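In case you want the letters, here they are:
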Amino acid sequence: MTVDKLTDLLVAKLLRDHGKSKHHWRTLIGPIRLYSRATHPHCNWSVTPAGPFADVARLETLLDELRLAHPFVTA
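Presented here is a report on the structure given in the accompanying data block. Values in this document were obtained by computation on a predicted structure and should not be read as measured data.

Calculation criteria
- Residues numbered from 1 in each chain as written.
- Predicted model: local features only at pLDDT ≥ 70, side-chain atom pairs only at ≥ 80, totals over all residues.
- Heavy atoms only, no water.
- Helix = DSSP H or I, 4+ residues; strand = E, 2+ residues; numbered from the N terminus.
- Buried < 20%, exposed > 50% of the residue type's maximum accessible area, 1.4 Å probe, protein only.
- Contact = heavy atoms within 4.5 Å.
- Salt bridge = Lys/Arg side-chain N within 4 Å of Asp/Glu carboxyl O.
- Axes fitted to C-alpha atoms, helices over the stretch in contact; angles between N-to-C directions.
- Parallel < 35°, antiparallel > 145°, perpendicular 65-115°, else oblique.
- Nonpolar A, V, L, I, M, F, W, Y, C, P; charged D, E, K, R; others polar.

1. Digging into the side chain of Asn44
Step number 1: Relative to the assigned elements, Asn44 resides in the loop between β1 (32-34) and β2 (45-47).
Step number 2: With a relative accessible area of 4%, Asn44 lands in the buried category.
Step number 3: Apart from residues no more than four positions distant in its own chain, Asn44 is found in contact with Arg33, Leu34, Tyr35, Arg37, Pro71, Phe72 and Val73.

Below, the structure written as structure tokens:
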């Protein structure tokens, strides 16, 4: 999984489940940060969403699910 594919997956799932627009969700997600697997052995990526509380909560729930399925991402 790459950062771009992960972003596309997040946007697609949020759009399907909660509507709004691709632009809205991409803006909410922001950049996905990668970390070294040596220092982050369980999950090497993170997202710091910014936006309305309800949308951030929806995204955080999805992020928890995807961290289990895709703990390691490449650039």
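2. Some details on the pattern of salt bridges
Opposite charge on two side chains allows them to pair when their charged atoms are near.
Step number 1: Summed over all chains, the structure comprises 5 salt bridges.
Step number 2: A salt bridge links Arg26 to Asp8; the nearest nitrogen and oxygen atoms lie 2.8 Å apart. Separated by 18 residues along the polypeptide, Arg26 in helix α2 (residues 22-29) and Asp8 in helix α1 (residues 3-18) bring together distant segments of the chain.
Step number 3: With relative accessibility at 37%, the residue Arg26 sits in the partly exposed group.
Step number 4: When the shortest N-O distance is used, the salt bridge between Lys20 and Asp55 registers 2.9 Å. Highlighted residues: Lys20 in the loop between α1 and α2 and Asp55 in helix α3 (residues 53-69), separated in sequence by 35 residues.

3. Things to note about the packing of α2 against α3
Step number 1: One way to put it is that α2 packs onto α3 with a least axis distance of 11 Å and a crossing angle of 75°. By the angle class used here, α2 and α3 are roughly perpendicular. Residues His24, Trp25, Leu28 and Ile29 of α2 pack against Asp55, Val56, Arg58 and Leu59 of α3.
Step number 2: When its residues are assigned to classes, the contact of α2 with α3 shows 5 nonpolar, 1 polar and 2 charged.

Geometric descriptors of this kind do not, in isolation, establish any biological role.
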